[in-house]
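# Coordinate inspection notes
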Amino acid sequence: MAEIALTIDGLGVDFGGFKAVNGVSLTIEEGELRVLLGANGAGKTTLMDLVSGKTKSTEGRVFLHDTDITNWEEHKIARAGVGRKFQIPSVFKDLTVRRNLEVASCRNPSVPANLWFGFNKQAREDVDRVLELTGLTEESDRLAAYLSHGQTQWLELGLLITQNPKVILLDEPTAGMTQAETHKTSEIVNSLKGKHTLVVVEHDMAFVREIAERITVLHLGQVLAEGNVEQIETNPKVREAYLGSKGIG
Ligand SMILES: Nc1ncnc2c1ncn2[C@@H]1O[C@H](COP(=O)(O)OP(=O)(O)OP(=O)(O)O)[C@@H](O)[C@H]1O
């Protein structure tokens, strides 16, 4: 059986009497891609905030492998291996795509400190691998400022991968993307399966169908259902609470 990378156990937060996340428990296996689905206000972003330390929980626990990271400071959780991609890019616009990835590699503690004095072969291969994974090989010498919206998002994802986090949290990775960019993003995400552990918050059902293995549906801060795409699409509770009588869009 695969090892458990992330354990969320009875997690919740009370915002002055309102429980945006209310006793959520789930486990994510190493190498798994888990989709978090739910209507606006279901608690998805808050759950990510609780895991990444942006918001402090008022109940429950979070474990990264065997380490209890509950309510650690955000930077400490990031350093422990929870990588989070936000909508707003943090790429260096006046550096090339490759240089952005090289800089991110320097933040990876497993990369030797002599990086700046001759980028070593292993580090170069790692950057090449990330360029390939994110479909940015041909853009490697372009300044990040000249990338399209989609390419910028893929570079952002690449920066995360380069740091080799134990768990990657992606909040609506296809927001604002064209259909073609969304499709490309599904290819990238699919190629990460098995190599990285991902939790993806996403609304776009077409995208979810392309990437999802296991889906957790949140509703009113609680887990409503868990299963594969077909089980979720045909689940009466999910249809009633979230997808409407016409089913999934
Ligand atoms: N700091 C806060 N104080 C009070 N209420 C909050 C706070 N943060 C979030 N909420 C509320 O908690 C609920 C869950 O919000 P959250 O953003 O987690 O939902 P979501 O599932 O991510 O929705 P969306 O898909 O719209 O992003 C919402 O009703 C929101 O208004």
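Below you will find a few notes about this structure. The model shown is predicted, which means the values in this text are computed figures rather than measured ones.

Our focus in this paragraph is the site of the ligand. Neighbouring the ligand are Phe15, Phe18, Ala20, Ala39, Asn40, Gly41, Ala42, Gly43, Lys44, Thr45, Thr46 and His203. Contact distances for the ligand include 2.9 Å between an oxygen atom and a backbone N or O atom of glycine 43. In this structure, histidine 203 approaches the ligand through a side-chain N or O atom, which is 3.0 Å from an oxygen atom. Relative to its free-state accessible area of 630 Å², the ligand is covered by the protein chains to the extent of 58%. Take the shell around the ligand: its biggest share by element is three residues, from helix α1 (residues 44–52).

Right, let's talk about empty space enclosed by the protein for a bit. Empty space among the atoms becomes apparent when a probe as large as a water molecule is rolled across them. Per the counting criterion, the structure on display carries two cavities of 30 Å³ or more. Its volume calculated, the largest cavity comes out at about 50 Å³. Considering the residues around the largest cavity, the lining is formed by Leu6, Ile8, Leu26, Ile28, Leu36, Leu47, Met48, Val51, Leu169 and Val199. Counting residues per element, the ones that place at least two in the lining of the largest cavity are β1 (4–15), β2 (18–29) and α1. Residue contributions to the lining of the largest cavity peak at three residues, all from α1. For the lining of the largest cavity, the class distribution of residues is 10 nonpolar, no polar and no charged. For the second largest cavity, the calculated volume is near 30 Å³. For the lining of the second largest cavity, the element with the most residues is helix α5 (residues 149–162), which contributes three residues. Among the residues forming the lining of the second largest cavity, the class breakdown is five nonpolar, two polar and one charged. Composition of the lining of the second largest cavity by domain shows at least three residues from each of domain 1 (1–81 + 166–249) and domain 2 (94–164).

Parameters at a glance
Residues numbered from 1 in each chain as written. Predicted model: local features only at pLDDT ≥ 70, side-chain atom pairs only at ≥ 80, totals over all residues. Heavy atoms only, no water. Near = heavy atom within 4 Å. Polar contact = N/O pair within 3.5 Å; in protein donor to acceptor, adjacent residues only side chain to side chain. Areas by Shrake-Rupley, 256 points an atom, 1.4 Å probe, with all protein chains shown as cover. Helix = DSSP H or I, 4+ residues; strand = E, 2+ residues; numbered from the N terminus. 1 Å grid on protein atoms, 1.4 Å probe; cavity = no way out; pocket = protein on both sides within 12 Å on 5 of 7 lines; lining within 4 Å. Points joined across faces, edges and corners; volume = space filled by probe spheres on them. Nonpolar A, V, L, I, M, F, W, Y, C, P; charged D, E, K, R; others polar. Domains from an automatic or database assignment.

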